[in-house]
Amino acid sequence: MILKYDVIVIGGGHAGCEAAVAAANIGAKTCLVTMDMNKIAQMSCNPAVGGIAKGQIVREIDALGGEMGRVTDATAIQFRMLNRSKGPAMWSPRAQCDREKFIWEWRSVLDRTENLDIWQDQAEELLVENGEAIGVRTVWGVELLAGCTVITAGTFLNGLMHIGKKMVEGGRIAEPASKHLTESITRHGIRSERMKTGTPVRIDKRSVHLDEMEVQDGEHDFHQFSYMGKKRVLKQLPCWTCNTNKEVHDTLLSRIADSPLYNGQIQSIGPRYCPSVETKLMTFPDRHQHPLFLEPEGVDTNEMYLNGFSSSLPMEAQIDALRKVPAFRDLKVYRPGYAIEYDFFDPTQLNHSLESKIIPRLFFAGQVNGTTGYEEAAGQGLVAGANAAIRCYRGTPFVMHRDESYIGVLIDDLVTKGVDEPYRMFTSRAEYRILLRQDDADARLTERAYKIGLAKRDRYDWWLEKKNAIEKIEDFCRTFHIKAKDINSKLEGMGTAPLHGSCKLIDLVSRPELNFNNLSGIIPELKQLIGNLNNRNEEIAEAAEIRIKYKGYIEREKIIADKMHRLENIRIKDRFYYTEMDQLSTEARQKLQAINPETLAQASRIPGVSPSDINVLLVLLGR
């Protein structure tokens, strides 16, 4: 049987779901191919979305017209804004979700998306004709032909799971690995390598002495992920924390020879920033405790996720060690933790559109590009799906710069620098993080997304309403007159210096001790203005306040970004044969020849390419 589409997406994880919806929204006839329609967007590890820098990515997905933020809000069982003690450039939303409801909310999104079909099957072979990808053949012999193909296979490509010395093929627990697809891709010259990740034990809540753990409640203010999504509708649940101890460590270390990570069984590299518990013990031998976070998997289940205890040790070693924690002395588990090795493809073989440089019309997104995390995968999926649809219509690729989005930083890092370990996003990776705040994702991205059909009219209209409201507040603060005699006594009570004369309201808002919340209590006109905005007035007020308070920092960072854009505009792809350029360092020649950067700015970010090498290229370009 032959089925024909504009775009086919292989894999129904977080990258695949966003890719399929993005392609369909732009107008491409799209098919999502998944092994199991009942496990769409499965949260294979922690059922949580967001976190440091990851939360910003989800806000960007929402601003671009993607669905992860709305699905998260509809299924959240705990929400927190991380890093509130720091400046707003560091604020990062995070939500614990109901795992099963998350799947079915995503399934509902897919079912009501126009231009999108779902086909339950397993891709086995990439089909290539005249050097271009034309589709895939499945294990059941179906040929899915398309103008563009997007690979989002997650950890399934030749997946191999480890628990102690026991090894079982699979993409995740109780699900088969995808065989042969990697080989059908690499035979055309694309390089693949192996990576490793892992997941912790799942615990029966009824066996835990929760009264001996510290409760960690969520927040209940106005913050959420989607600017349009439902307010949290599910019952909000607490998490709990405790620590390992020396007895736990001694038990684990006594079985370290059985750890696949340390007995040579696993050769591939795991995530540095989400290490297994045995890695923590070997890396920090002088530490006698590590934090553990017990997190619920849903409102209707006793299954709990033990964050901080990822392990591939034998199952009895994991359970024996955990029972040394007082709160876990009667522990029962649903399943042990395990490690998994899988294939990925060197992302330096991709363009910024996530299209392969080697096989045109083939796109890659998610963990197959060497990343880790649902959010990083979803952001890539949205970009790959959008560009696959655009490619079918011969449009200009949709590419975001490093000063436009964390997704732009992520993709630029991948295609420019490559990966030597699973890539995870942090705020420190973004040099323009004051511009890339979680509160202004729509200001950066929604209009661009609307112009290409990625964001729909309702999303765009909401942004226009929010934009106008923010400008209204800013204008009010710039023009509203404050007299010292009317306000000084109240200012002193707020711990800030009194006025020596009159001023504009914007001067007071700029003070670190003052904000719209406490100023509304003493300036009735401000309180009335904010209260009359709309049902998202708190969000709008926060965005306006941040823009006022950090105006100088924002403008300075924009100037720096604009200077870098000059190098972004100098295109050098295919203009040099680097291996013959003796003026460059040996390392620069090798790296530049291998990556063949699009622009001089991209070349400057390649590890091993020095400023003097960039100056040589500028001279040769006559600039």
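Residues numbered from 1 in each chain as written. Predicted model: local features only at pLDDT ≥ 70, side-chain atom pairs only at ≥ 80, totals over all residues. Heavy atoms only, no water.

J.: Help me understand the overall build of the chain, please; the structure alone is not making it clear to me.
T.: From N to C terminus, the chain includes 21 helices and 21 strands. Along the first, second and third principal axes, the C-alpha set of the chain runs to 80 × 70 × 50 Å. Across the 623 residues in the chain, those meeting the buried criterion constitute 60%. Of the contacts formed within the chain by residues at least 6 apart in sequence, a portion of 73% connects residues at least 24 apart. When the accessible surface of the chain is totalled, it reaches about 25500 Å², and 50% of it is carbon and sulfur. Side chains of the chain give 81 positive and 84 negative charges; the mean places of these two sets differ by 2 Å. (Helix = DSSP H or I, 4+ residues; strand = E, 2+ residues; numbered from the N terminus. Buried < 20%, exposed > 50% of the residue type's maximum accessible area, 1.4 Å probe, protein only. Contact = heavy atoms within 4.5 Å. Areas by Shrake-Rupley, 256 points an atom, 1.4 Å probe, with all protein chains shown as cover. Lys, Arg positive; Asp, Glu negative; His and termini not counted. Charge placed at Lys NZ, Arg CZ, Asp CG, Glu CD.)

J.: I would appreciate a short explanation of the nonpolar core in the present structure.
T.: In a soluble, globular protein the nonpolar side chains are often hidden away together inside. Grouped together as the largest cluster of nonpolar side chains are 133 residues, with contacts concentrated most on W106, L505, L508 and F516. Of all the elements, helix α9 (residues 374-392) adds the most residues to this core, at 10 residues. Setting aside residues up to four positions removed in sequence, W106 forms contacts with C17, E18, V21, I40, A41, E67, M68 and V71. (Core = buried A, V, L, I, M, F, W, Y, C linked by side-chain atoms within 4.5 Å.)

J.: Any chance you could explain helix α4 (residues 99-111) here in plain terms?
T.: Structural remark: α-helix, 3.6 residues per turn; residues separated by three or four positions point the same way. With 13 residues, α4 should reach 18 Å at 1.5 Å per residue; the first-to-last C-alpha distance of 19 Å fits that figure. Every buried residue of α4 is listed here: R99, F102, I103, E105, W106, R107, V109 and L110. The N-cap residue of α4 is D98: its side-chain oxygen and the backbone nitrogen of E100 are 3.3 Å apart. (Expected span 1.5 Å × (residues − 1). Polar contact = N/O pair within 3.5 Å; in protein donor to acceptor, adjacent residues only side chain to side chain.)

J.: So what exactly am I meant to see when it comes to the packing of helix α12 (residues 457-479) against helix α16 (residues 524-531) here?
T.: If you want to describe how two helices pack, look at the angle between their axes and the distance between the axes. Following both chains from N to C, one finds α12 and α16 inclined at 170°, their axes separated by 11 Å at the closest point. As summarised for this structure, α12 and α16 are arranged roughly antiparallel, according to the angle between their axes. Contacts between α12 and α16 involve K472, I473 and F476 on the former and, on the latter, E525, L526 and L529. (Axes fitted to C-alpha atoms, helices over the stretch in contact; angles between N-to-C directions. Parallel < 35°, antiparallel > 145°, perpendicular 65-115°, else oblique.)

J.: Would you take a moment to explain empty space enclosed by the protein for this structure?
T.: Think of a ball as big as a water molecule: rolled over the atoms, this probe shows where empty space is left. Counting across every chain of the model gives 6 cavities of 30 Å³ or more. Roughly 70 Å³ of internal volume is contained in the largest cavity. Around the largest cavity sit R59, F222, H223, Q224, Y227, Q438, D439, K466, R536, E539, E542 and A543, which together line it. Of the residues forming the lining of the largest cavity, the biggest block, 3 residues, is contributed by helix α17 (residues 537-549). Its residues placed into classes, the lining of the largest cavity shows 3 nonpolar, 3 polar and 6 charged. (1 Å grid on protein atoms, 1.4 Å probe; cavity = no way out; pocket = protein on both sides within 12 Å on 5 of 7 lines; lining within 4 Å. Points joined across faces, edges and corners; volume = space filled by probe spheres on them. Nonpolar A, V, L, I, M, F, W, Y, C, P; charged D, E, K, R; others polar.)

J.: Even after reading the chapter, I still don't get the packing of aromatic side chains, so can you show me in this structure?
T.: Each aromatic ring pair is specified by the distance between its two centres and by the angle formed by the two planes. Scanning the entire structure with this criterion turns up 7 aromatic pairs. Taken together, a centroid distance of 5.0 Å and an interplanar angle of 45° make the contact between F345 and F364 tilted. One end of the pair, F345, is in strand β18 (residues 338-345); the other, F364, is in strand β19 (residues 362-364), with 19 residues separating them in the sequence. Each member of the pair, F345 together with F364, is buried. Geometrically, the ring pair formed by Y550 and Y553 is tilted, given 6.2 Å between the ring centres and 45° between the ring planes. Residue classification places Y553 among the partly exposed residues on the basis of a relative accessible area of 44%. Over the aromatic face of W91 sits the side chain of R84, whose NZ or CZ is 4.4 Å from the ring centroid. Lying across the ring of Y423, R429 places its NZ or CZ 4.2 Å from the centre. (Phe/Tyr/Trp six-rings, centres within 6.5 Å; stacked < 30°, edge-to-face > 60°. Lys NZ or Arg CZ within 6 Å of the ring centre and 35° of its normal.)

J.: In this structure, what is going on with a nonpolar patch on the surface? I would like to understand it.
T.: A surface patch of nonpolar side chains, amounting to about 260 Å² of accessible area, comprises L253, Y262 and M282. The topology assignment puts M282 in helix α7 (residues 277-283). (Patch = residues over 30% accessible without salt bridge, like charges linked within 9 Å, V, L, I, M, F, W, Y side chains within 5 Å. Salt bridge = Lys/Arg side-chain N within 4 Å of Asp/Glu carboxyl O.)

J.: What's the story with the sheet that holds strand β4 (residues 76-82) in this structure? I'm lost.
T.: Strand pairs in the sheet, formed through backbone hydrogen bonds, run parallel or antiparallel to each other. Strand order in the open sheet formed by 3 strands is β3-β5-β4, and the pairing between neighbours is antiparallel. One side of each edge strand has no neighbouring strand; the edge strands of this open sheet are β3 (48-50) and β4. Each strand of the sheet is rotated relative to its neighbour by a mean of 15°, with strand direction disregarded. Pairing of β3 with strand β5 (residues 92-97), which is carried by 3 bridges, proceeds in the antiparallel orientation. For G50, the partnering residue across the bridge sits in β5 and is R94. (Pairing = 2+ DSSP bridges.)

J.: What is the right way to look at the environment of Q289 in this model?
T.: Along the chain, Q289 turns up in the loop between α7 and β15 (291-296). Overall, Q289 belongs to the partly exposed group, its relative accessible area being 43%. Residues Q289 and K246, 43 residues apart in the sequence, show an inter-C-alpha distance of 6.8 Å. Ignoring any residue separated from it by four or fewer positions in sequence, one finds Q289 in contact with N243, T244 and H249.

J.: Is there a simple way to explain the pairing of strand β1 (residues 2-10) in this structure?
T.: Along any regular strand the residues' side chains alternate between the sheet's two faces. Two strands pair when backbone bridges link them, and β1 and strand β9 (residues 143-151) are joined in this way by 8 bridges, in the parallel orientation. When the bridges of β9 are listed, I8 appears paired with T149. Bridging between β1 and strand β2 (residues 30-34) involves 4 bridges; their strand directions are parallel. The partner of V7 across the bridge, within β2, is T30. After leaving β1, the chain enters helix α1 (residues 14-26) and then returns to the sheet as β2, a path that is right-handed. (Right-handed = clockwise from strand over helix to strand, strands pointing away.)

J.: Is there a simple way to explain α12 in this structure?
T.: Its 23 residues give α12 an end-to-end C-alpha distance of 33 Å, which sits within 8% of 33 Å, the value for a rise of 1.5 Å per residue. Those residues of α12 lying buried are R459, Y460, W462, W463, K466, A469, I470, I473, E474, F476 and C477.

J.: Looking at this model, I keep getting lost on the packing of helix α2 (residues 54-63) against helix α11 (residues 441-451). Mind explaining?
T.: It is at 8 Å that the axes of α2 and α11 come closest, and there the two elements cross at 35°. Crossing of α2 over α11 shows right-handed handedness. Between α2 and α11, the residues in contact are R59, E60 and A63 and A441, D442, R444, L445, T446 and A449, respectively. Considering only residue class, the contact of α2 with α11 consists of 4 nonpolar, 1 polar and 4 charged. (Left-handed = near helix turned anticlockwise from the far one by under 90°.)

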